[in-house]
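# Commentary on secondary and tertiary structure
Listed below are the residues making up each chain.
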Amino acid sequence: MKIGVFVCHCGSNIEGTVDTAAVAAAAREFPGVAFATDTMYTCSEPGQEEIVNAIKEHQLDGVVVASCTPRMHEQTFRRTVERAGLNRYLFEMANIREHVSWIGKDREANTNKATDLVRMAASKLLHNRPLLSKQFDINKRVLIIGGGVAGIQAALDCAEGGLEVVLVEKTTTIGGKMAKLDKTFPTVDCSCCILGPRMVDVAQHPNITLYAYSEIEEVSGYVGNFDVKVKKKATYVDWDKCTGCGICMTKCPSKKATDYFNEGIGKTTAINIPFPQAIPKKAKIDADFCMKLQKGKCGICAKVCPSGCIDFTQQDEFVTEKVGAIVAATGFDLFDWTVYGEYGGGRYPDVITSLQYERMLSASGPTGGHIKRPSDGKEPKNVVFIQCVGSRDKSVGRPYCTGFCCMYTAKQAILTKDHLPESQTYVFYMDIRATGKNYDEFTRRAMEEYNAKYIRGRVSMIYPKGDSLLVRGADTLMGTQVEVDADLVVLAVGAEAAAGAAGLAEKLRISYDSYGFYMEGHPKLKPVETNTAGVYLAGSCQGPKDIPSSVAQGSAAASKVLGLFSKDKLASDPQVSVVDIKRCIGCGKCMKTCPFGAIKEIDFRGMKKAEVIETVCQGCGICTSTCPQGAAQLQHFTDNQILSEVNALCQF
Amino acid sequence: MSVSLTYAYYPGCSSTGTSIEYDMSSRAICAALDITLTDVPNWSCCGSTPAHTVDHTLSSALSARNLCQVASMGLTAAVTPCPSCLSNLKTAQHRMKNDSFREKVSKLLDKPADITVETKSVLQILVEDYGIEKIKAKVKKPLTGLTVAAYYGCIMNRPAEIMNFDDREHPMAMDNIMTALGATVVPFPLKVECCGASFGIPRKDVVMRLSGKLLDTAKEMGAMALVTACPLCQMNLDMRQEQINSANGSKHHMPIFYFTQLMGLAFGLTEKELGIDKLCVNPRTVIDALGMEGNSKEKSQ
Amino acid sequence: MNVINLTSSCNSDFVRQVEEESGQQLSLCYQCGKCTAGCPYTTEYDIPVSQIMRLTQAGQKELVLKSKSLWLCATCESCTARCPNKIDVARIMDVLRHMARREGYGGVKTVKTFWDSFLHSVQKNGRVFEVGLLANYISHTGRFWTDMGLGPKVLPKGKIHFKPSAMQGKEEVSKIFRRYTEESSK
Ligand SMILES: Cc1cc2nc3c(=O)[nH]c(=O)nc-3n(C[C@H](O)[C@H](O)[C@H](O)COP(=O)(O)OP(=O)(O)OC[C@H]3O[C@@H](n4cnc5c(N)ncnc54)[C@H](O)[C@@H]3O)c2cc1C
Ligand code: SF4
Ligand code: SF4
Ligand code: SF4
Ligand code: SF4
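All figures in this text were calculated on a predicted structure; none of them were measured in a lab.

As a further point, take the domain arrangement of chain C. Quoted interface sizes are often the accessible area lost when the parts come together. All names here are of chain C. Examined at the domain level, chain C breaks down into domain 1 (6–102) and domain 2 (109–184). The centre of domain 1, based on its C-alpha atoms, is set 29 Å off from the matching centre of domain 2. Of the roughly 390 Å² buried between domain 1 and domain 2, counting both surfaces, carbon and sulfur atoms make up 67%. Sorting the residues of domain 1 by area buried against domain 2 places Trp-71, Arg-97 and Arg-101 first, and these three jointly supply 88% of that buried surface. The tally of links from domain 1 across to domain 2 stands at one salt bridge. One salt bridge in this structure joins Asp-116 and Arg-101, with 3.0 Å as the shortest N-O distance. Here domain 1 is connected to domain 2 by one residue pair in polar contact (both at pLDDT 80 or more). If you list the elements that add at least two residues to the side of domain 1 that touches domain 2, you get α6 (69–72) and α8 (89–102). In the side of domain 1 that touches domain 2, the residues fall into three nonpolar, no polar and two charged.

Listed below in structure tokens is the structure:
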């Protein structure tokens, strides 16, 4: 084999602390190396041309590039060598930037370490073999998990693009948080008026199958061919027959059920449709509050339902859907602010969350759009908003900024003045984060035109005083402690990952950060991809986002899916495990350890043997280390290839 | 089958003087509950606030001497009625987990500092080791009709990492005991607000303001009396109540009990052994309203 | 108002020393003001506690150590309990007080004298002897005891003793003080 070695300066990133010319000179002495040089930017167009030319000129049949992390440019250089006619697996990369130049300052030591890494790569390359991928069919259907505004956007874009869409939503209606909002910043247009029609589109689109009140039970398979088991949770109402007339709700005697849609402001009936514009508009029984299901008495809804759709014996149901791609759009939930004992920890009824306030402002909400104190139903005069509750607070394990609460607080201050012209609003803030288009102007308007009094400082304590609340905070700009008599306190509670986000991530085999938000493929360049092929992200499940950004991501994820499905077949990754049938003794250990179920048992002339299903194997390599015979070998990472690297390193 | 509880008892300086009734009533109720308190021999002052304002090593050494005394008794757990003492003991223990700090402290002592002793407050052992249910079972004369607010003071529960007891913003230990005794407990939003602490002498005006606010709020919430667990709080609210009234133009006449005194009354102990007569704001009318006075007299011989 | 030149007036040794003695990282403070918002003594302070934090971050040693606030902090732990960055602010106040003492800042005379008298009493008697403490305090501040009015009320309760308690081992306590003085003069 004739190997060419290219040692990259990466501007001064590598050259600053590594003598690349010396590394190239040393490489010329390694077995098999026929050519070695150092280059300024190997990934640039001239850099790549240099490789192509060298391959031709020196009849190279293998290439090593010593530069940055393979996560950055392995694909780039594989394509380069392919252009020059080599198999893409006759290429190796040595990471001398992240693993050398960025982490050490000693030029001599760095140069030695870089030389070692190049020696390892060249020595592995001597054992590399050309690998070819196979083509396989794909199922051009897409699963979207979560029917918030991000999921809705992704679903509609995919459906419009001609794909069949399966949309799975955990609650009984799609719409997510946006359906609960009154108006939206920075234009103050009615949330339901802009979202409602899109929800209807979802219901009516011939390409969209909607499973509401459903969750993902199990996901198997791989990009292009996923099998998804969906759990349709029991609603005790036959949705095929339910017309959404709502007669059951008017007659149900159990009227103290928790009103989840209204964030606990007010109560609802055990059987209910969460709001008039719900999609699907179907009733569901809350088993915890249903007298029939709890005590066996009642059953009134069954008697009054004109369509006869009440079924107290209904059970959870499972359906399996075959799809080729998955978009996670599970959004966020609000942080449990009751850990703040100093804000009453939930003991004071007139301390409410921002989302509860949205329900109160909404004309279709439990108070009919009237701002009323939960304690006594009176109109408040002084309304105090506290920002950054459960955000930017290390002491409660939430150091990040939620990003949109500054904006919605300004919106709520404006709406308060609209609803109650006599009212006075106060906003305790630490910094105002209003970086979107027309956003800062919007927060200024709250102050300049709506006379919201902004106070820079956190609040230390809220406690009842007479029938109002005393809010004690600081005004750090004045340098004093301040007190405000409040009739109502609204907490701008921060966002956290949706309940159950981590469990779903494990089913989807995608990673999540320590707060449960899903990890994108690359923080800048792959914002809606994940590191699992065929799984994409949209909206707040990746990190808190406002509506415009969530919608943009929904569309971005849809375009990724449409791009993926623009081909009829996908190429499989040949870096999978292969069982050498001669060595295999049929012990079955690999089958037990494979986390993807990619190894099946076959009969070979009456003997039991293992065989890898190429399309299912993810190349994790667990079987290779399990097999007592060394029969299972991961292609491109065989024992021989790895040992040659070890030997290259340990020769002295 | 209940194992009897035994603790080394560290009364703290104020127990010998201004809070003598706290000491008396703590001992009396523990005796009534079969909790054995053995006095720490030759205990000394923990240094209180003044010591830690001067130096942390000095402050910890003053506490550490007492912890050594406890260890020499062969007991593993020490209890004190006073939250300020407890805070000093616990802070010293916490800081002495750091080896180099412990060495610095040991240099000031006759023998190396001990860090094995467990320290708790009387309130803490009653709710955590003895148990509310058992307390309830001991009640002979329920405090029905008594409406109290429970005031914990600022350092009983803070900082949570060191004190490791109850909720730091909304403690319930005394509230629960009072409810078990049959009293009505009003919600008291200033449970952990500072009363003015040891500024009574150098900055009396501060105490007038802060303690005055506590009394105003307790009254507003409908309390007939305040119940406390801290000698300094009790002194500021009780002994200085008249000064507070004249400074703020208020007219409070609010008895300030130690929680141990009210427990004793409910257990049927005599007023004398609970030091009820040591209180400055006369609690007569409040106690008489409970209709238990006759009984207690019978018992006191 | 003075203009503070941030480059020339920042005493970074002071910053480092506060961090070392308190075990706290000053840069964690993002000036939210929650400590000031909860501090019951803000009304008495010349500089609110969050600004003490700010000035300390900025290395303004002189301004910090001469502040009266240091002497009026009651270590009520409200700031420490609620700081969103888990800074032990009360401990920093304590450490600043230690420094102010070492550097000879007088602070609030009544408070300092009271604390000194208290410790003097402990050093001498092993436990606090209240009457002795008061006598000492009055003689050092030259202030008439404003609590005279309490006398008739408290005396009959048998709470005030005119002799220090006879404690064995009080010399052990005075030894602690002696060794402390020796160690700190090293
Ligand atoms: C009080 C308040 C006011 C706001 N005001 C504005 C505003 O005025 N303007 C603005 O731009 N933004 C506003 N926002 C932000 C806005 O709510 C979000 O940008 C938006 O909701 C994000 O959409 P999403 O689809 O990513 O997530 P979500 O709205 O959270 O939707 C996620 C959906 O996924 C479902 N789901 C979750 N887990 C699963 C699962 N495991 N399986 C199936 N389904 C699942 C949920 O039930 C939900 O329907 C506000 C937020 C709050 C809290
Ligand atoms: S059976 Fe249940 S859901 Fe139906 S009306 Fe009765 S309580 Fe309501
Ligand atoms: S967006 Fe504003 S209120 Fe929300 S966490 Fe960030 S800074 Fe705080
Ligand atoms: S509470 Fe903490 S972060 Fe906020 S100003 Fe005070 S010390 Fe700084
Ligand atoms: S510990 Fe001191 S600075 Fe902190 S809140 Fe209490 S009095 Fe104020």
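From this point, the discussion proceeds with the structure in view.
This next bit is on the domain arrangement of chain A. Residue and element names in this part refer to chain A. Split into domains, chain A comes out as domain 1 (3–125), domain 2 (144–229 + 318–331 + 498–564), domain 3 (247–304), domain 4 (337–496) and domain 5 (577–635). Distance between the C-alpha centres of domain 3 and domain 4: 32 Å. In this assembly, four residues from domain 3 lie in contact with six residues from domain 4. Both sides of the domain 3 and domain 4 interface together cover about 640 Å² of buried area, and 67% of this is carbon and sulfur. Contact with domain 4 buries surface across domain 3, with Asn-262, Glu-263 and Ile-265 losing the most and accounting together for 79% of the total. Counting across the domain 3 and domain 4 interface gives zero salt bridges.

In the neighbourhood of ligand 2, 13 residues make up the surrounding shell, with Cys-252, Cys-290, Cys-298, Gly-299 and Cys-301 of chain A lying closest. Residues that form the shell around ligand 2 fall into these classes: ten nonpolar, two polar and one charged.

All right, on to the state of the cysteines then. Residue and element names in this part refer to chain A. Scanning the entire structure with this criterion turns up one disulfide over all chains. The disulfide partner of Cys-190 is Cys-193, and the gap between their sulfur atoms is 2.3 Å. Around the S-S axis, the bridge from Cys-190 to Cys-193 shows a dihedral of about 85° and counts as right-handed. On the basis of relative accessibility, which here comes to 25%, the residue Cys-190 falls in the partly exposed class. In this structure Cys-245 is not part of a disulfide, and its nearest cysteine sulfur, from Cys-305, lies 6.0 Å away. For Cys-245, a relative accessible area of 43% gives the class partly exposed.

Right, let's get into the sheet that holds strand β20 (residues 351–353) of chain A. Residue and element names in this part refer to chain A. Here we have five strands laid out as an open sheet, ordered β20-β27-β21-β22-β23, and parallel in their pairing. With partners counted over all chains shown, the strands left at the sheet margins are β20 and β23 (453–456), one partner each. On average, adjacent strands in this sheet sit at an angle of 25° to one another, irrespective of strand direction. The sheet contact formed by strand β21 (residues 382–389) and strand β27 (residues 488–493) spans five bridges and is parallel. In the sheet register, Val-383 faces β27, and the bridge partner there is Leu-488. Here helix α11 (residues 354–361) sits on the sheet in contact with β20, β21 and β27, set at roughly 85° to β20.

This brings us to the sheet that holds strand β12 (residues 225–232) of chain A. Residue and element names in this part refer to chain A. Taken together, three strands build an open sheet; the order of strands is β11-β12-β17 and the sheet is antiparallel. Each end of this open sheet is capped by a strand with a single partner; those strands are β11 (214–222) and β17 (317–323). Geometrically, the sheet is characterised by an average inter-axis angle of 20° between neighbouring strands, direction not taken into account.

Before going further, it helps to spend a moment on helix α9 (residues 109–125) of chain C. Quick reminder: α-helices carry 3.6 residues per turn. Residues three or four places apart thus point the same way. Along its 17 residues, α9 of chain C runs 24 Å from first to last C-alpha, staying within 8% of the 24 Å computed at 1.5 Å per residue. Residues Thr-110, Val-111, Thr-113, Phe-114, Trp-115, Ser-117, Phe-118, Leu-119, Ser-121, Val-122 and Asn-125 of chain C constitute the buried set of α9 of chain C. Of the surrounding secondary structure, the elements contacted by the buried residues of α9 of chain C are α2 (48–54) of chain B together with α6, α8, α10 (130–141) and α12 (170–185) of chain C. At the C-terminal side of α9 of chain C, Gly-126 of chain C shows a positive phi close to 85°.

What counts and what doesn't
- Residues numbered from 1 in each chain as written.
- Chains lettered and ligands numbered in written order.
- Predicted model: local features only at pLDDT ≥ 70, side-chain atom pairs only at ≥ 80, totals over all residues.
- Heavy atoms only, no water.
- Domains from an automatic or database assignment.
- Buried area = accessible area lost by both parts, 1.4 Å probe.
- Salt bridge = Lys/Arg side-chain N within 4 Å of Asp/Glu carboxyl O.
- Polar contact = N/O pair within 3.5 Å; in protein donor to acceptor, adjacent residues only side chain to side chain.
- Helix = DSSP H or I, 4+ residues; strand = E, 2+ residues; numbered from the N terminus.
- Nonpolar A, V, L, I, M, F, W, Y, C, P; charged D, E, K, R; others polar.
- Contact = heavy atoms within 4.5 Å.
- Near = heavy atom within 4 Å.
- Disulfide = S-S within 2.5 Å.
- Buried < 20%, exposed > 50% of the residue type's maximum accessible area, 1.4 Å probe, protein only.
- Pairing = 2+ DSSP bridges.
- Axes fitted to C-alpha atoms, helices over the stretch in contact; angles between N-to-C directions.
- Expected span 1.5 Å × (residues − 1).

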